[in-house]
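Results of the structural survey
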Amino acid sequence: MIIERANEPNRLAQLLVERVNSGDVEGLVALYEDDAILGSGDRQAVGSAPIRRFWTELLATGITVTLGQQADAIINGDLALTSTRLPGGTVTAEVARRQHDGTWKWAIDEPALVVDE
């Protein structure tokens, strides 16, 4: 199976929503660098295995999510700051890095998800 990669930084959040809603844990893990940090509340997942556990546990709850209003990514060389305003006003911020093949992955993420009711 071929997993779509993000060809620009804001595609990461779009892929995240698609993959959460389809229950695709491996697709979610593929959005992150191997040594990425995913922070959620008082816990951090550092690296692929802990990130996989985070998403496996979260998806086991049966959640679905909605994409908010994405701001234009701020790009400086191979780094990008991405952000999304979620319904209710919460704003996310993530750091993405351009990979050797020109695609993008998150290096730092603190997900704030709008869970569909």
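Report follows, based on the coordinates. (Residues numbered from 1 in each chain as written. Predicted model: local features only at pLDDT ≥ 70, side-chain atom pairs only at ≥ 80, totals over all residues. Heavy atoms only, no water.)

Take helix H3 (residues 48-59) next. The end-to-end C-alpha distance of H3, which contains 12 residues, comes to 16 Å, matching closely the 16 Å that a straight helix rising 1.5 Å per residue would cover. Here H3 has its buried residues at Ile51, Phe54, Trp55 and Leu59. Buried residues of H3, seen end-on, are gathered within an arc of 120° and therefore sit on one face of the element. Residues of H3 that are buried in the fold lie against helix H1 (11-22), helix H2 (25-29), strand E1 (32-40) and strand E2 (43-46). (Helix = DSSP H or I, 4+ residues; strand = E, 2+ residues; numbered from the N terminus. Expected span 1.5 Å × (residues − 1). Buried < 20%, exposed > 50% of the residue type's maximum accessible area, 1.4 Å probe, protein only. Arc of directions from axis to C-beta. Contact = heavy atoms within 4.5 Å.)

A few words on the packing of aromatic side chains. How two aromatic rings sit relative to each other is given by the distance of their centres and the angle of their planes. Under the definition given, this model contains 2 aromatic pairs. When the centroid spacing of 5.6 Å and the interplanar angle of 50° are considered together, the rings of Tyr32 and Trp106 count as tilted. Of the two residues, Tyr32 is situated in strand E1 and Trp106 in strand E9 (residues 104-109); the sequence distance between them amounts to 74 residues. Exposure class is identical for Tyr32 and Trp106. Each is buried. Ring geometry for Phe54 versus Trp55: centroids 5.0 Å apart, planes at 85°, classification edge-to-face. You'll find Phe54 and Trp55 in the same group, each marked buried. (Phe/Tyr/Trp six-rings, centres within 6.5 Å; stacked < 30°, edge-to-face > 60°.)

Per the stated rule, a full pass over the model turns up 2 cavities of 30 Å³ or more. Put simply, the second largest cavity is a space of about 50 Å³. Along the walls of the second largest cavity sit Glu4, Arg5, Ala6, Leu12, Arg19, Ala30, Leu31, Thr103, Trp104 and Lys105, which together make up its complete lining. Elements represented by at least two residues in the lining of the second largest cavity include exactly H1 and E9. (1 Å grid on protein atoms, 1.4 Å probe; cavity = no way out; pocket = protein on both sides within 12 Å on 5 of 7 lines; lining within 4 Å. Points joined across faces, edges and corners; volume = space filled by probe spheres on them.)

Here we take up the pattern of salt bridges. If you walk through the whole model with that rule in mind, you get 7 salt bridges. In this structure, Arg5 and Asp101 form a salt bridge, with 2.5 Å as the shortest nitrogen-oxygen distance. Taken together, the residues span a long stretch of sequence, with Arg5 in the segment before H1 and Asp101 in the loop between strand E8 (94-98) and E9 at a distance of 96 residues. On the basis of relative accessibility, which here comes to 51%, the residue Arg5 falls in the exposed class. The shortest N-O distance in the salt bridge between Arg97 and Glu33 comes to 2.7 Å. Placement of Arg97 in strand E8 and of Glu33 in strand E1 is noted, with a sequence separation of 64 residues between them. On the basis of relative accessible area, Arg97 is assigned to the partly exposed category, the value being 35%. Judged by its relative accessible area of 8%, Glu33 is buried. It is possible to trace a salt-bridge network through shared partners that takes in Glu4, Arg11 and Glu18. (Salt bridge = Lys/Arg side-chain N within 4 Å of Asp/Glu carboxyl O.)

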